[in-house]
Amino acid sequence: MIRCLRQGAAMLATTMAIGCAPALDPAGGGRVDDSYTIGGGFWNDGSILTVAAKAEQRDGRVALCGAWHVDQSSALTIGFHERVLSAGSLRLDGTLVAQNLLFLPQRGTLPDARTGCALSSTPWEPRFDRQPLQVRIPRQVFGGGIGSDEQRLVFRQGRPSFSAL
């Protein structure tokens, strides 16, 4: 019963977070190159989640482009990458420009990958020209509660190596 309530609350929180994602702009996009900020993190099972994102000015607002990729994924993390991304955010000079990174498409690889773009509601400010985009994904723990035999899955933010660019 408690497990069912916990899962229901997690699904509701994810659904509410999706509503905060910027609207997709199908005309946007490009390819991941060295102008993208790299972020993401590591799972305790060895899986690596990498996010490539950048911000640019478009029609006086902040446009966000990027993609995400998983390396060394195991069966344990299937379905959890999206939950972790839904808690992620993008910031420019301390200003929150996106909460919930599920608007970014998943790609098989990131170097030279086609990106998706979204136009945020945040107005572009001149100070953003000088600031790199910050990718934030908080530490998250799944499973392994009191009296549980489930294996505990832990995600922690870090900067995955991206030497392919």
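About the criteria used
Residues numbered from 1 in each chain as written. Predicted model: local features only at pLDDT ≥ 70, side-chain atom pairs only at ≥ 80, totals over all residues. Heavy atoms only, no water. Helix = DSSP H or I, 4+ residues; strand = E, 2+ residues; numbered from the N terminus. Buried < 20%, exposed > 50% of the residue type's maximum accessible area, 1.4 Å probe, protein only. Contact = heavy atoms within 4.5 Å. Areas by Shrake-Rupley, 256 points an atom, 1.4 Å probe, with all protein chains shown as cover. Pairing = 2+ DSSP bridges. Axes fitted to C-alpha atoms, helices over the stretch in contact; angles between N-to-C directions. Salt bridge = Lys/Arg side-chain N within 4 Å of Asp/Glu carboxyl O. Disulfide = S-S within 2.5 Å. pLDDT = per-residue confidence, 0-100. Core = buried A, V, L, I, M, F, W, Y, C linked by side-chain atoms within 4.5 Å.

Novice: Would you take a moment to explain the overall build of the protein chain for this structure?
Specialist: Of the regular secondary structure elements, the protein chain holds two helices and 10 strands. Going from N to C terminus, the protein chain has its helices and strands arranged as α-β-β-β-β-α-β-β-β-β-β-β. The 165 residues of the protein chain split such that 41% are buried. The contacts of the protein chain with a sequence gap of at least 6 include a subset with a gap of at least 24, amounting to 68%. When the accessible surface of the protein chain is totalled, it reaches about 8900 Å², and 53% of it is carbon and sulfur.

Novice: Can you walk me through the sheet that holds strand E6 (residues 95–99) in this structure?
Specialist: Within the open sheet, the three strands sit side by side as E6-E5-E8. Their pairing is antiparallel. For this open sheet the edge positions go to E6 and strand E8 (133–136), each flanked by a neighbour on one side alone. Across the sheet, the axes of successive neighbouring strands diverge by a mean angle of 25°, strand direction being ignored. Relative to E6, strand E5 (residues 89–92) runs antiparallel, the two sharing four bridges. Bridged to Leu92 within E6 is Thr95.

Novice: Explanation requested: unusual backbone geometry in the structure shown.
Specialist: What you tend to see is this: most non-glycine residues have negative phi, and most peptide bonds are trans. Not every positive phi belongs to a glycine, and Asp59 is a case in point at roughly 55°. Note that Asp59 resides in the loop between strand E3 (48–58) and strand E4 (61–71). Its identity is not glycine, yet Asp93 carries a phi of approximately 50°, on the positive side. Looking at the secondary structure, you find Asp93 in the loop between E5 and E6.

Novice: It is not clear to me how the pattern of salt bridges should be interpreted in this structure. Could you clarify?
Specialist: Opposite charge on two side chains permits pairing when their charged atoms draw close. Scanning the model with the defined rule gives four salt bridges in all. Among the salt bridges present, the one from Lys54 reaches Glu56, with a minimum N-O distance of 3.9 Å. Of the residues examined, Lys54 reaches a relative accessible area of 21% and is grouped as partly exposed. Measuring nitrogen to oxygen at the nearest pair gives 2.8 Å for the salt bridge that ties Glu56 to Arg58. Salt bridges sharing common partners tie together Lys54, Glu56 and Arg58.

Novice: I tried to follow the state of the cysteines on my own but got confused; where do I start?
Specialist: Think of a disulfide as a covalent bridge from one cysteine sulfur atom to another cysteine sulfur atom. By the definition in use, this model includes one disulfide. With its sulfur 1.9 Å from that of its partner, Cys65 forms a disulfide with Cys117. Where Cys65 bonds to Cys117 through sulfur, the torsion about that S-S bond is close to 105°, and the disulfide is right-handed. Placement of Cys65 in strand E4 and of Cys117 in strand E7 (residues 116–123) is noted, with a sequence separation of 52 residues between them. Residue Cys65 shares its accessibility class with Cys117, and that shared class is buried.

Novice: Got a minute to help me understand the confidence of the model for the protein chain in this structure?
Specialist: Detailed reading of predicted coordinates is not advised where the pLDDT is low. Of all residues in the protein chain, 76% attain a pLDDT of 70 or more, and the chain-wide mean is 81. Counting interchain partners and residues more than four positions distant, the pLDDT-below-50 stretch residues 1–19 has eight contacts.

Novice: So what exactly am I meant to see when it comes to the nonpolar core here?
Specialist: Side chains of nonpolar character tend, in soluble globular proteins, to be buried together. In this structure, Leu49, Val51, Leu64, Leu90, Leu101, Phe103 and Ile137 are the most contacted members of the largest nonpolar core, which totals 26 residues. Among the elements of the structure, E3, E4, helix H2 (80–86), E5, E6, E8 and strand E10 (153–157) are those that each provide at least two residues to this core. The greatest single-element share of this core, amounting to four residues, is contributed by E4.

Novice: Is there a simple way to explain the side chain of Thr122 in this structure?
Specialist: When you line up the elements, Thr122 lands in strand E7. With relative accessibility at 12%, the residue Thr122 sits in the buried group. In contact with Thr122, other than residues within four places in its own chain, are Arg61, Val62, Thr95, Leu96, Val97 and Phe128.

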